[in-house]
Amino acid sequence: MKYQFFLKPTVILLSSASMAFGTTITFDDLSAGISGSGNYPALANGYGGLNWNNFSAVDGTDSATASGGNHSGVVSSKNIAFNGFGSPASISGSAFNLTSGYFTALWSDNLQLEVKGYVGATLTYDNSYTLSTLGPLLINFNFLGVDLVQFVSSGGTPNTAYTGSGTHFGLDNLTINGGNTVPDAGATGLMLSTALLGLAVLRKKLV
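Residues numbered from 1 in each chain as written. Predicted model: local features only at pLDDT ≥ 70, side-chain atom pairs only at ≥ 80, totals over all residues. Heavy atoms only, no water.

Visitor: Would you mind showing me how to read the packing of aromatic side chains here?
Guide: Aromatic rings considered in pairs are described by the distance between their centres and by the relative angle of their planes. Throughout the structure, instances matching the rule amount to 15 aromatic pairs. Relative to Phe151, the ring of Phe55 has its centre 5.8 Å away and its plane inclined at 80 degrees; by these criteria the two rings are edge-to-face. On the criterion of sequence distance, the pair formed by Phe55 in strand E3 (residues 55-59) and Phe151 in strand E9 (residues 137-154) is long-range, its members being 96 residues apart. For Phe55, a relative accessible area of 2% corresponds to the buried category. Seen in terms of ring centroids, Tyr129 and Phe141 are 5.8 Å apart; in terms of plane orientation they differ by 90 degrees. Their pairing is edge-to-face. Of this pair, Tyr129 sits in strand E8 (residues 122-131) while Phe141 sits in strand E9, and the two are 12 residues apart along the sequence. For the pair Tyr129 and Phe141, a shared accessibility class is recorded, and that class is buried. (Phe/Tyr/Trp six-rings, centres within 6.5 Å; stacked < 30°, edge-to-face > 60°. Helix = DSSP H or I, 4+ residues; strand = E, 2+ residues; numbered from the N terminus. Buried < 20%, exposed > 50% of the residue type's maximum accessible area, 1.4 Å probe, protein only.)

Visitor: Explain the nonpolar core here, please?
Guide: One broad rule of soluble globular proteins: the nonpolar side chains tend to lie buried together. Ranked by internal contacts, the top residues of the largest apolar core, which has 31 residues, are Trp52, Phe55, Ile91 and Phe151. Where this core is concerned, the elements lending two or more residues are E3, strand E5 (89-105), strand E7 (111-119), E8, E9 and strand E11 (169-176). Those residues in contact with Ile91, other than ones at most four positions away along the chain, are Leu50, Asn51, Trp52, Phe55, Phe96, Leu98, Asp147, Leu148, Val149, Phe151 and Leu174. (Core = buried A, V, L, I, M, F, W, Y, C linked by side-chain atoms within 4.5 Å. Contact = heavy atoms within 4.5 Å.)

Visitor: Looking at this structure, I do not really get the pairing of E8. What am I missing?
Guide: Pairing of E7 with E8 involves 9 bridges; the strand directions are antiparallel. Pairing of Leu111 across the sheet is with Leu131, part of E8. (Pairing = 2+ DSSP bridges.)

Visitor: What am I meant to see in the side chain of Asn83 here?
Guide: Mapped onto the fold, Asn83 is located in strand E4 (residues 79-83). Overall, the relative accessible area of 0% leaves Asn83 in the buried class. Reaching out from Asn83, the side chain makes a polar contact with the side chain of Ser153 at a distance of 3.3 Å. Residues contacting Asn83, with those up to four places away along its chain left out, are Asn54, Phe55, Ala89, Ser153, Thr167, His168 and Phe169. (Polar contact = N/O pair within 3.5 Å; in protein donor to acceptor, adjacent residues only side chain to side chain.)

Visitor: What should I look at first to understand the pairing of E4 in this one?
Guide: Regular strands place side chains that alternate from one sheet face to the opposite one. Counting buried positions over the 5 residues of E4 gives 5, a clear majority of the element. Residues of E4 alternate between two faces, with Asn79, Ala81 and Asn83 on one and Ile80 and Phe82 on the opposite face, all of them buried. Bridging between E3 and E4 involves 5 bridges; their strand directions are antiparallel. Looking at E4, one finds that Phe55 is bridged to Asn83. For E4 and E11, the ladder comprises 2 bridges, and the chain directions are antiparallel.

Visitor: Honestly, the environment of Leu30 in this entry has me stumped. Any pointers?
Guide: Relative to the helices and strands, Leu30 resides in the loop between strand E1 (23-25) and strand E2 (51-53). Expressed as a C-alpha distance, the spacing of Leu30 and Pro41, which sit 11 residues apart in the sequence, is 8.0 Å. Setting aside anything within four residues of it in sequence, one finds Leu30 in contact with Leu43, Tyr47, Ala57, Lys78 and Asn79.

Visitor: Got a minute to help me understand the confidence of the model for the chain in this structure?
Guide: Segments scoring low in pLDDT should not have their predicted coordinates read at a detailed level. Looking at the chain, pLDDT values average 82 and 74% of them are 70 or higher. Taken together, the stretch residues 1-19 has pLDDT below 50 and engages in 24 contacts with residues farther than four places along the chain or on a different chain. For residues 181-206, every residue scores under 50 in pLDDT, and the model assigns this stretch 32 contacts once sequence neighbours within four places are set aside. (pLDDT = per-residue confidence, 0-100.)

Put into C-alpha cells, the structure is as follows:
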C-alpha cells in the first residue's frame, strides 16, 4: 500500500500541469482564402469545443498593404478568425474558462473591444480593450466558468494605409480551459519535474 503515497501526488501534479496549458484554438486547420478572395468560411458549432456566432476565418498570410490587420494579426500561421461585417460576435458552450487570446484591429486603430462573459443569465465579466492594426494584443481574460462570451467592437480611427474600413477585429490563438492564470513556463516545468521524480521513486519502490 506504500505506493499510493507516491502515486496520488504524481497523478495530481500531471493533471494540474495539463490544466495549466488548456486548449489553444489556432484556426489554422480551416480552409480559408486571403483578403479579397471572398472565401471566408464561417466557424461551425462544435469547432474547438465551442459554439460560434458571426465568426469566420481568413488566411492572414497575404502581405499586401490592402489586407490591413489580417496580416499583422497572425500569431500562428496562417489563419485568423474575425467578426463578420464588424458586427458583434460570440462564443458559447458548456461552462468553460476563457483564458486568453490575441486580438488585432483589422482596419481602424484604437478600435474599442468590449468583452462580456456570462454565467447563465448573469453578466459576470465586462471588460474593454483598445486594439491596434499594427499587431496583436494578448488579452489575459481569466473568465471562469462562463457559458457565453460576447465580443462587441466599436469606434476607432480608420488607418488610411488600408483600403478597407469598419469595426472588424482579428482573433488568433484563443486559449480556453487553462485555469485561472496564463501558464508560467517555470512553474509548469517545476510541476512536471516533480511529477516525473515521483514516478521514478514509485518505480524504484515497486521493483
